[in-house]
Amino acid sequence: MAAADEFGVLTKAFTGLGVDEKSLISILGKWHPEHKQSFRKTTRDIFIEDERQFERWDDRHVQKLQQEFLRFKDAVVLWTMHPWERDARLLWEAVYKGPKYGILVEIACTRSSEELLGARRAYHSLFEHSIEEDIAFHIHSFEKKLLVGLVSAYRYEGPKYGEEVAKSEAKILKNVIKDGAKKLHEEEEIVRILTTRSKLHLKAVFKHYKETSGNYLDEDLGDHLILKQTVQCLCKPETYFTEVLDVSLKGIGHDFAKEALTRVIVTRADVDLKLIKEEYHHLSGFTLSHKIEEIANGNFKDFLLTLIARGDQEN
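Residues numbered from 1 in each chain as written. Predicted model: local features only at pLDDT ≥ 70, side-chain atom pairs only at ≥ 80, totals over all residues. Heavy atoms only, no water.

Per an unreviewed UniProt entry, the recorded name for the chain is Annexin D4, and the organism is Coffea arabica.

Have a look at this one:
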């Protein structure tokens, strides 16, 4: 292989999601000093040359590379955890390393009542206090009331709901939104409906809302992202997860956007990954496997593809 070709392969191995360990070993292992010097001089997005013509690693890229080496380990650790511990640790990080409202909403609204209760119990064991008190103490924005209500919920999961009550609550939502309240997260009726009603009941509410207003509820929520995420996670989780994957696979945002790729695939592989893959294909025109093949590297890529294939078998 010509040096220029090897430089391209090596640059790709160093970038993207994960690290291509096999390419690093096969190419770097046979290079002589002059090859490495040439690579340093021609790869200015990885190396810096000062006025003395001294080539050194860009510290920012070193930090990024260290993070990429850790992706495989983090994915394996997350996968092998008990689901309750996994969710508890994700909730803790969402509060203390954020706040990341989307993750709090995601776990509170896409888990069953028993799964959410288990995560709250695990949180007690791991951190010796509750997720409710941590949210109430550490989050100071107006989303606090909604978030505490969501993580505290223990929703009815049976087949019964009141059709007339659903119609009435659809009208309540329509009127509150029509009034143009700026802080919908603080509207008591919205918080009550979203934090207490069963998912089956809420689907009926949202259906009646669409029939009377002409729009889907999440379309009418404007810039209220946390409410949009709540509505999607409660009744259309595959749409929510597809949008999260789309952002992470486009490399948009900070490193936590990339972490979302691992989180979604690991936590949904045994649940609804098949539906998410179908929705992603419909949205992007690409299969999820193809996109990961394109942008991910090494053991990290192989592990994610294995979990995606498992999603076909389990769903």
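Now that the structure is up, let's keep going.
A. Structural context of the packing of helix 9 (residues 144-152) against helix 11 (residues 188-196). Closest axis-to-axis distance for the helix 9/helix 11 pair is 9 Å, and the angle between their directions is 20°. Classified by the angle their axes make, helix 9 and helix 11 are roughly parallel. Considering only the axes of helix 9 and helix 11, their crossing is right-handed. Between helix 9 and helix 11, the contacting residues are K145, L146, G149 and L150 on the first element and E188, V191, L194 and T195 on the second. Class assignment of the residues belonging to the contact of helix 9 with helix 11 gives a composition of four nonpolar, two polar and two charged. (Axes fitted to C-alpha atoms, helices over the stretch in contact; angles between N-to-C directions. Helix = DSSP H or I, 4+ residues; strand = E, 2+ residues; numbered from the N terminus. Parallel < 35°, antiparallel > 145°, perpendicular 65-115°, else oblique. Left-handed = near helix turned anticlockwise from the far one by under 90°. Contact = heavy atoms within 4.5 Å. Nonpolar A, V, L, I, M, F, W, Y, C, P; charged D, E, K, R; others polar.)

B. Seen up close, the environment of T262. Mapping T262 onto the fold places it in helix 15 (residues 255-268). Separated by 14 residues in the primary sequence, T262 and S248 have C-alpha atoms spaced 9.5 Å apart. T262 has contacts with A75, L78 and F300, leaving out every residue within four places of it along the chain.

C. Spatial organisation of the domain arrangement of the chain. Along its sequence, the chain is carved into domain 1 (163-235) and domain 2 (237-314). A straight line from the C-alpha centre of domain 1 to that of domain 2 covers 28 Å. Residue-level contacts link four residues of domain 1 with four residues of domain 2. On the surface where domain 1 and domain 2 come into contact, there are zero salt bridges. (Domains from an automatic or database assignment. Salt bridge = Lys/Arg side-chain N within 4 Å of Asp/Glu carboxyl O.)

D. Spatial organisation of the nonpolar core. F206, L261 and I292 are the most contacted members of the largest nonpolar core, which totals 72 residues. When residues are assigned to domains, this core turns out to be shared by domain 1 (163-235) and domain 2 (237-314), each giving three or more. Apart from the residues lying within four places of it in its own chain, the contact partners of F206 are L173, L194, L217, V231 and C235. Judged by nonpolar contacts, the second largest core, of twelve residues, contains F14, I27, W31 and L65. (Core = buried A, V, L, I, M, F, W, Y, C linked by side-chain atoms within 4.5 Å. Buried < 20%, exposed > 50% of the residue type's maximum accessible area, 1.4 Å probe, protein only.)

E. Local environment of helix 16 (residues 273-284). End to end, helix 16 covers 16 Å across twelve residues, agreeing with the expected 16 Å (1.5 Å per residue, within 8%). Three or more residues of helix 16 are buried, namely L273, I276, K277 and Y280. Projected onto a plane normal to the axis of helix 16, the buried residues spread over an arc of 100° and lie on a single side. Of the residues one or two after helix 16, G285 is the one with positive phi, at around 85°. (Expected span 1.5 Å × (residues − 1). Arc of directions from axis to C-beta.)

F. Structural detail: unusual backbone geometry. Following G98, the chain continues to P99 via a peptide bond in cis, the omega torsion being 5°. As for its position among the elements, P99 is in the loop between helix 5 (83-96) and helix 6 (101-110). Even without glycine at this site, E128 takes up a positive phi of about 60°. Looking at the secondary structure, you find E128 in the loop between helix 7 (113-127) and helix 8 (131-138). Overall, E128 belongs to the exposed group, its relative accessible area being 73%.

G. Seen up close, the packing of aromatic side chains. Applying the stated rule across the entire model yields twelve aromatic pairs. Seen in terms of ring centroids, W31 and F39 are 5.5 Å apart; in terms of plane orientation they differ by 55°. Their pairing is tilted. Classification of W31 by relative accessible area gives buried; the value is 8%. Each ring, one from F72 and one from F303, has its centre 6.1 Å from the other, and the planes form 85°; the classification is edge-to-face. Linking F72 in helix 4 (residues 59-80) with F303 in helix 18 (residues 298-314), this pair joins segments that are 231 residues apart in sequence. Take F72: its relative accessible area is 31%, and that puts it in the partly exposed class. (Phe/Tyr/Trp six-rings, centres within 6.5 Å; stacked < 30°, edge-to-face > 60°.)

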